[in-house]
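# Examination of the molecular architecture
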Amino acid sequence: MTVDEIDNTLLQLSRQNPGLGSLITLPNRTWEGRICRAVKLSAAPQQARMKPVILITGNVHAREWGGSDICINLLTKLTQAYTSRQPIQYGNKSFTYEQIKQALESVDLIIFPEVNPDGKVYCQENHEQDSLNDQLAGNGFWWRKNRRPDENGRPMGVDLNRNFDFLWGSTIGTSADKNSLIYLGPAPFSEPESQNIKYLLDTYNQIRFYVDIHSFGEKIMYNWGNDNNQTTDPGQNFLNHQYDGMRGTTEFMRDRYKEYIAPQDEKLEYDLGNRMNGALQAVRGKSYKVEESAQLYYTSRTTQDYAYSRHLSDPSKPKIYSYTFEFGTTFVPPYEEMQLIIADLSSALTELTYAVSQINALEPVRPGD
C-alpha cells in the first residue's frame, strides 16, 4: 500500500467504527510536511479496570514497506471480527470470536503503521530508476532513513532506529557520518518521526508492550540489542559508566560485559516470543527464530531498547516489554510472498494480544495513567 492508502484506511476505519477505533494525530509533521496518524483500538472502554496497551509500529525504515501492510491487516481483521462477532482465520490458524472478544475487552492496541512516510514515498516513487550505485549507496529503492535535509537542502536522512535516547554516547552499531545508512542524527529525538513514537510512549502510560516491525531475517527479537544478556549481575547495566567502552564489542579483554536483564523479564519476553512464533507457525508451517536482539548484531539507540530501558532510567515510568520483528528474507518480498507474511505476523500479533489478556502479573495500570 502507498502512504496515502495507509492514511486513508486509518481515517476510514476510525470513522466507520467510532466506538472502537479512535484516530490519534501525532504532533510532529515530517520534514516534508506530512501528518502522521495512529489508531487506538479499544473495546468496552467504560469498564472499571484500566487496560494495558500494546503499541505496534511499522515502516520505521523506508525500504521495509510491508510493516505498514501488516499493521493495517491486523487492525482491519480485529475490527471486523469484533464488530461482526466472527472468528478470524489466518491460513490454518484460527481465533474464535470469544478469544477476540476477551483480547480486545482486556487489552487496547495503538497501531502506528507509517512512522517514516517521507522515506517510503521516495522509495516507492524512485525504485524503478535506481542504478546499481544507488542501491549500494542506500538510495532510491534501498533508502533506509528519513528525509532530513542537509545544510544545502539536499536530503541526507537519519536512521530513525538509531535516534532514540539509549546509550547515546556510545558508538555501538551506529555512525556519526551523515552519509551512512546508520547515521544517528545530531541529537536524541532530533527527528519528528522519533519524537512521534516518544510522544505515544509518554502520553499513553498504559503501554506495557511494544512491537516494532522490520524486515528482514525471520526473527522475533527481545531485549537487549547492545550486548548479550545476563541475569546474575545487576551492576552490569547500561547506566553504569564503569563499563563504558566495553559494551557491544568482542575485542580481547572487552568481551566480559553482558547487559543485565531481570530473569523474570527475560523469561516473560522469551515465553511470549515463542507463543507468538507458535501462532505464526500454525498459519502455514513457517517458523521464526526467537532470540535476544544482540544475536543479530549489536545496536544502540533503537526503538526496542529505548522502550524497555525507560523504567530503568526513570523508575517513575512503567515497564514496557518490547520486541522487534524481522519478517521475510528480503526488504520488500514479492507480493505473493508478502500476502503470506502478512497472515503470519497478523496471527502472531493477535496471539500476543490474547496472551496479554491472560497475564495477571503485569505491572498494574494506575487510574491516573
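Description of the structure in this document.

### Considerations on the overall build of the protein chain
A count of helices and strands for the protein chain gives 9 helices and 12 strands. Relative to the 2.2 N^0.38 estimate, which gives 21 Å for 369 residues, the radius of gyration of the protein chain is 20 Å and therefore close to what a compact globule would have. The dimensions of the protein chain, computed from C-alpha atoms along their principal axes, are 55 × 55 × 40 Å. Per-residue burial over the protein chain gives 59% buried out of 369 residues. Pairs at least 24 apart in sequence give 75% of the contacts found in the protein chain among residues at least 6 apart. Summed over all atoms, the accessible surface of the protein chain reaches about 15,200 Å², with 48% contributed by carbon and sulfur. Side chains of the protein chain carry 37 positive and 46 negative charges; the gap between the two charge centres is 4 Å.

### A closer look at the environment of Ala-43
Relative to the assigned elements, Ala-43 resides in the loop between β2 (37-41) and β3 (53-58). Sequence separation between Ala-43 and Leu-20 is 23 residues, and the spatial gap between their C-alpha atoms is 5.5 Å. Here Ala-43 is in contact with Leu-20, Lys-51, Tyr-82, Leu-104, Glu-105 and Asp-108, once residues within four sequence places are set aside.

### So, the packing of aromatic side chains
Applying the stated criterion across every chain yields a total of 14 aromatic pairs. Their ring planes at 70 degrees and their centres at 5.7 Å tell us that Tyr-122 and Trp-143 sit as a pair that is edge-to-face. Within this pair, whereas Tyr-122 is found in helix α4 (residues 117-126), its partner Trp-143 is found in the loop between α5 (132-137) and α6 (192-203), the two being separated by 21 residues in sequence. The exposure class assigned to Tyr-122 is partly exposed, which follows from its relative accessible area of 24%. Through a chain of ring-to-ring contacts, the aromatic side chains of Phe-166, Trp-224, Phe-238 and Tyr-308 assemble into a single cluster. Positioned above the aromatic ring of Phe-331, the side-chain terminus of Arg-63 is 4.0 Å from the ring centre. Its guanidinium or amino end placed over the ring of Phe-189, Lys-198 lies 5.6 Å from that ring's centre, counting from NZ or CZ.

### Re the packing of helix α7 (residues 263-284) against helix α9 (residues 335-357)
One can describe the packing of α7 onto α9 by two numbers: an axis separation of 8 Å at closest approach and a directional angle of 140 degrees. With respect to α9, the element α7 is oriented oblique. When the axes of α7 and α9 are compared, the crossing they make is right-handed. Judged by residue contacts, Leu-272, Arg-275, Met-276, Ala-279, Leu-280, Val-283 and Arg-284 of α7 engage Glu-337, Leu-340, Ile-341, Ala-343, Asp-344, Leu-345, Ser-347, Ala-348, Glu-351, Leu-352, Tyr-354 and Ala-355 from α9. Its residues assigned to classes, the contact of α7 with α9 shows 13 nonpolar, 1 polar and 5 charged.

### Considering the pairing of strand β7 (residues 207-214)
Among the 8 residues that make up β7, 8 are buried, leaving the element largely enclosed by the rest of the structure. Across 6 bridges, β3 lies against β7 in parallel orientation. Within β7, the residue paired with Gly-58 across the bridge is Ile-213. Sheet analysis places β7 next to strand β12 (residues 321-326), joined by 6 bridges and oriented parallel. Within β12, the residue paired with Tyr-210 across the bridge is Ser-322.

### Considering the pairing of β3
Most of β3 is tucked away: 6 of the 6 residues are buried. Residues Val-53, Leu-55 and Thr-57 line one face of β3 and the alternating positions Ile-54, Ile-56 and Gly-58 line the opposite face, and both faces are buried.

### A closer look at the packing of helix α2 (residues 66-84) against helix α3 (residues 97-106)
Relative orientation of the contacting elements α2 and α3 amounts to 110 degrees, with a least axis distance of 10 Å. Between α2 and α3, the crossing angle belongs to the class labelled roughly perpendicular. Facing α2, whose interface residues are Leu-78, Ala-81 and Tyr-82, α3 presents Tyr-97, Ile-100, Lys-101, Leu-104 and Glu-105. Among the residues making up the contact of α2 with α3, the classes are represented as 6 nonpolar, no polar and 2 charged.

### Observations regarding the sheet that holds strand β8 (residues 219-222)
In sheet architecture, strand pairing relies on hydrogen bonds along the backbone and comes in two forms, parallel and antiparallel. Read from one edge of the open sheet, 8 strands run β1-β2-β6-β3-β7-β12-β8-β11, paired in mixed fashion. Across the chains shown, the open sheet's two edge strands, defined by having one partner strand only, are β1 (21-25) and β11 (289-292). Within the sheet, the average angular offset between the axes of one strand and its neighbour, ignoring direction, is 20 degrees. Pairing of β3 with strand β6 (residues 108-112), which is carried by 5 bridges, proceeds in the parallel orientation. In the strand pairing of β6, Thr-57 is matched with Phe-112.

### Some remarks on unusual backbone geometry
Going from Ser-215 to Phe-216, the amide bond is cis rather than trans, its omega being 10 degrees. The peptide bond linking Asn-223 to Trp-224 adopts the cis configuration, its omega dihedral lying at 5 degrees. As for its position among the elements, Trp-224 is in the loop between β8 and β9 (229-230). The phi dihedral of Asn-59 falls on the positive side, at around 60 degrees, and the residue is not glycine. Topologically, Asn-59 is positioned in the loop between β3 and α2. Although it is not a glycine, Leu-167 sits at a positive phi angle of roughly 55 degrees. By secondary structure assignment, the location of Leu-167 is in the loop between α5 and α6. Judged by its relative accessible area of 13%, Leu-167 falls in the buried class.

Definitions and cut-offs
- Residues numbered from 1 in each chain as written.
- Predicted model: local features only at pLDDT ≥ 70, side-chain atom pairs only at ≥ 80, totals over all residues.
- Heavy atoms only, no water.
- Helix = DSSP H or I, 4+ residues; strand = E, 2+ residues; numbered from the N terminus.
- Rg over C-alpha atoms; globule rule 2.2 N^0.38 Å.
- Buried < 20%, exposed > 50% of the residue type's maximum accessible area, 1.4 Å probe, protein only.
- Contact = heavy atoms within 4.5 Å.
- Areas by Shrake-Rupley, 256 points an atom, 1.4 Å probe, with all protein chains shown as cover.
- Lys, Arg positive; Asp, Glu negative; His and termini not counted.
- Charge placed at Lys NZ, Arg CZ, Asp CG, Glu CD.
- Phe/Tyr/Trp six-rings, centres within 6.5 Å; stacked < 30°, edge-to-face > 60°.
- Lys NZ or Arg CZ within 6 Å of the ring centre and 35° of its normal.
- Axes fitted to C-alpha atoms, helices over the stretch in contact; angles between N-to-C directions.
- Parallel < 35°, antiparallel > 145°, perpendicular 65-115°, else oblique.
- Left-handed = near helix turned anticlockwise from the far one by under 90°.
- Nonpolar A, V, L, I, M, F, W, Y, C, P; charged D, E, K, R; others polar.
- Pairing = 2+ DSSP bridges.

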